[in-house]
Amino acid sequence: MLTIAMVAAPAWVAVSAEAKARTAEDLPTTLEALAAPVDLSPPQALAAMADRGRGQTSRDAFRDSSSGNPTAASPDPATAAAEQRVATTCSGVVKGPQINGRLTVEDLCDLWQPPYKDRADAVVSAFTLNDAFEQRFGRAMCLTSGYRNLEEQAALRITRGGLAAPPGTSNHGWGLAIDFCPSTYTGTAGAWLKKNGPTYGWDNPSWARPGGVGPYEPWHWEFVAGVKALAGAAQGGGES
């Protein structure tokens, strides 16, 4: 006598079959898939990356291309914050006539070291110089002075005498000069500054050098293009 044994299928086989059938039922037909609207918006992660990319400034590109080292160390937080401010608030455009020692808020922009400011076009140029300096030395250029109003220049004239120009005649009053700390204008840093400063539009004027017509001031640097534009106006006789 032939006996046929009936063996029940394992439970997982039944579950798998049921899941397959349910998945097939849930899927749209070919016609439904073709007719459905397509969402072409980028994933959120990519959109966030694009937003961050749009926030970068043109000065970042200038710094990377001029240094040839896009992976150089980032500036310190204070400098990075100052760079962000100048990138978003400083147009670099000078509008209308100015009065020495009486520049307006609209004429001025922050430098990387508070509380110093200079004229907008000078600041944009100074930042490119500072960026290059940071690439070389890993720190920002140290400042001791920038723009001075008439009252500040008068006070300096009292304390420094002939080393300070009379109020209304200094290029600091035009927002076109910077005074550096010894750590920036001496030693290896100073040698680099003398060689590369003019490339970025800044120079220690001839009157401030040894044998010049004015006092020896190796710390005093000026925005060349701005000073040349004022060549026809009365100047401070080469004093800081």
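Quantities reported herein were computed from a predicted structural model and do not represent experimental measurements.

1. As for the side chain of histidine 220
Considering the arrangement of structural elements, one finds histidine 220 in strand S6 (residues 220-223). Under the relative-accessibility criterion, histidine 220 is labelled buried at 0%.

2. Considering the confidence of the model for the chain
Confidence in the prediction of the chain, expressed as mean pLDDT, is 75, and 59% of residues score 70 or more. Considering only residues more than four positions removed or in separate chains, one finds that residues 1-24, a stretch of pLDDT under 50, has 0 contacts. A low-confidence stretch, residues 38-73 stays under pLDDT 50, and its non-local contacts, those more than four residues away or across chains, total 17 contacts.

3. What to know about the side chain of serine 125
In this fold, serine 125 is placed in helix H6 (residues 120-137). Owing to a relative accessible area of 12%, serine 125 belongs among the buried residues under this scheme.

4. Notes on unusual backbone geometry
Look at the link from proline 114 to proline 115: it is a cis peptide, with omega at 5 degrees. With respect to the helices and strands, proline 115 occurs in the loop between strand S1 (108-110) and strand S2 (117-119).

5. Thoughts on the packing of aromatic side chains
Evaluated as defined, the whole model comprises 7 aromatic pairs. Between phenylalanine 133 and tryptophan 192, the aromatic rings sit 5.6 Å apart at their centres with planes inclined by 80 degrees, giving edge-to-face as the arrangement. One end of the pair, phenylalanine 133, is in helix H6; the other, tryptophan 192, is in helix H9 (residues 187-196), with 59 residues separating them in the sequence. Here phenylalanine 133 and tryptophan 192 have matching classes, each one buried. Ring plane angle 85 degrees and centroid distance 6.1 Å describe the contact between phenylalanine 137 and tryptophan 192, whose orientation is recorded as edge-to-face. With a gap of 55 residues between them, phenylalanine 137 in helix H6 and tryptophan 192 in helix H9 connect regions that are remote in the sequence. Taken together, the ring pairs connect Phe133, Phe137 and Trp192 into an aromatic cluster. Above the ring of phenylalanine 137, the side-chain terminus of arginine 136 is found at 4.6 Å from the ring centroid.

What counts as what
Residues numbered from 1 in each chain as written. Predicted model: local features only at pLDDT ≥ 70, side-chain atom pairs only at ≥ 80, totals over all residues. Heavy atoms only, no water. Helix = DSSP H or I, 4+ residues; strand = E, 2+ residues; numbered from the N terminus. Buried < 20%, exposed > 50% of the residue type's maximum accessible area, 1.4 Å probe, protein only. pLDDT = per-residue confidence, 0-100. Contact = heavy atoms within 4.5 Å. Phe/Tyr/Trp six-rings, centres within 6.5 Å; stacked < 30°, edge-to-face > 60°. Lys NZ or Arg CZ within 6 Å of the ring centre and 35° of its normal.

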